[in-house]
Amino acid sequence: MILLQQIESKLLFGELIEQIKKDANFSGVDFQCEKDSSGEQFIRDLYDLLLHLIVNDFGTYLNFLYRVDVSERTLKEMDEEAPEKIAQKVTFLIIKREWQKVFFRNKTQ
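Reading the values: the criteria
Residues numbered from 1 in each chain as written. Predicted model: local features only at pLDDT ≥ 70, side-chain atom pairs only at ≥ 80, totals over all residues. Heavy atoms only, no water. Helix = DSSP H or I, 4+ residues; strand = E, 2+ residues; numbered from the N terminus. Buried < 20%, exposed > 50% of the residue type's maximum accessible area, 1.4 Å probe, protein only. Contact = heavy atoms within 4.5 Å. Arc of directions from axis to C-beta. Polar contact = N/O pair within 3.5 Å; in protein donor to acceptor, adjacent residues only side chain to side chain. Salt bridge = Lys/Arg side-chain N within 4 Å of Asp/Glu carboxyl O. Phe/Tyr/Trp six-rings, centres within 6.5 Å; stacked < 30°, edge-to-face > 60°.

### Side note on the overall build of the protein
From N to C terminus, the protein includes six helices and zero strands. Going from N to C terminus, the protein has its helices and strands arranged as α-α-α-α-α-α. Buried residues in the protein amount to 41% of all 109 residues. By sequence separation, contacts in the protein at least 24 residues apart represent 69% of the contacts at least 6 residues apart.

### Overview of helix α4 (residues 58-68)
When we look at burial in α4, the residues that qualify are Thr60, Tyr61, Phe64, Leu65 and Val68. Along α4, the residues classed as buried sweep out an arc of 140° about the axis, all on the same side. Of the surrounding elements, those touching the buried residues of α4 are α2 (13-26), α3 (39-56), α5 (72-77) and α6 (83-107).

### Considerations on the side chain of Gln19
Mapped onto the secondary structure, Gln19 falls in helix α2. Engagement of the side chain of Gln19 in a polar contact is seen with the side chain of Arg105, the distance being 3.0 Å.

### Some thoughts on the pattern of salt bridges
Applying the stated criterion across every chain yields a total of nine salt bridges. The shortest N-O distance in the salt bridge between Asp23 and Arg67 comes to 3.1 Å. Here Asp23 is found in helix α2, whereas its partner Arg67 is found in helix α4, with 44 residues between them in sequence. Accessibility expressed as a relative area gives 1% for Asp23, which makes it buried. For Arg67, a relative accessible area of 36% translates into the label partly exposed.

### A look at the packing of aromatic side chains
For the structure on display, the rule yields five aromatic pairs. Aromatic side chains Phe31 and Phe42 sit 6.4 Å apart centroid to centroid with 70° between the ring planes, which places their arrangement in the edge-to-face category. Here the residue Phe31 occupies a position in the loop between α2 and α3, and Phe42 occupies one in helix α3, the gap between them amounting to 11 residues. The exposure class of Phe31 is buried, given its relative accessible area of 5%. With a centroid separation of 5.6 Å and 45° between ring planes, the pair formed by Trp99 and Phe103 is classed as tilted. In this pair, Trp99 and Phe103 are both assigned in helix α6, four residues apart and thus about one turn of the helix distant. Through a chain of ring-to-ring contacts, three or more aromatic side chains come together here, namely Phe13, Phe31 and Phe42.

Spelled out as structure tokens, the structure:
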């Protein structure tokens, strides 16, 4: 994943994980991922969390997406129906949006 390589090259990967954990926590979601996780493990953990929420707690899933600020229009444009495919695409959207937050916060400091 090119985005993840870019994130890791900026040495802000740990901050990205912390940002996602913070937004998850504010949404009532317990996202467990260590700051020193590999990029692949991080993606897998986030995907597993999203899949679980889609299938078992859709309201919390929507709260999490709202907190992260994933574009509602982008979500509506998805033509996927299978929870696995939705979780896969939303994983990327969350990483992308959270990376924007972390990047801009560090750029202005």
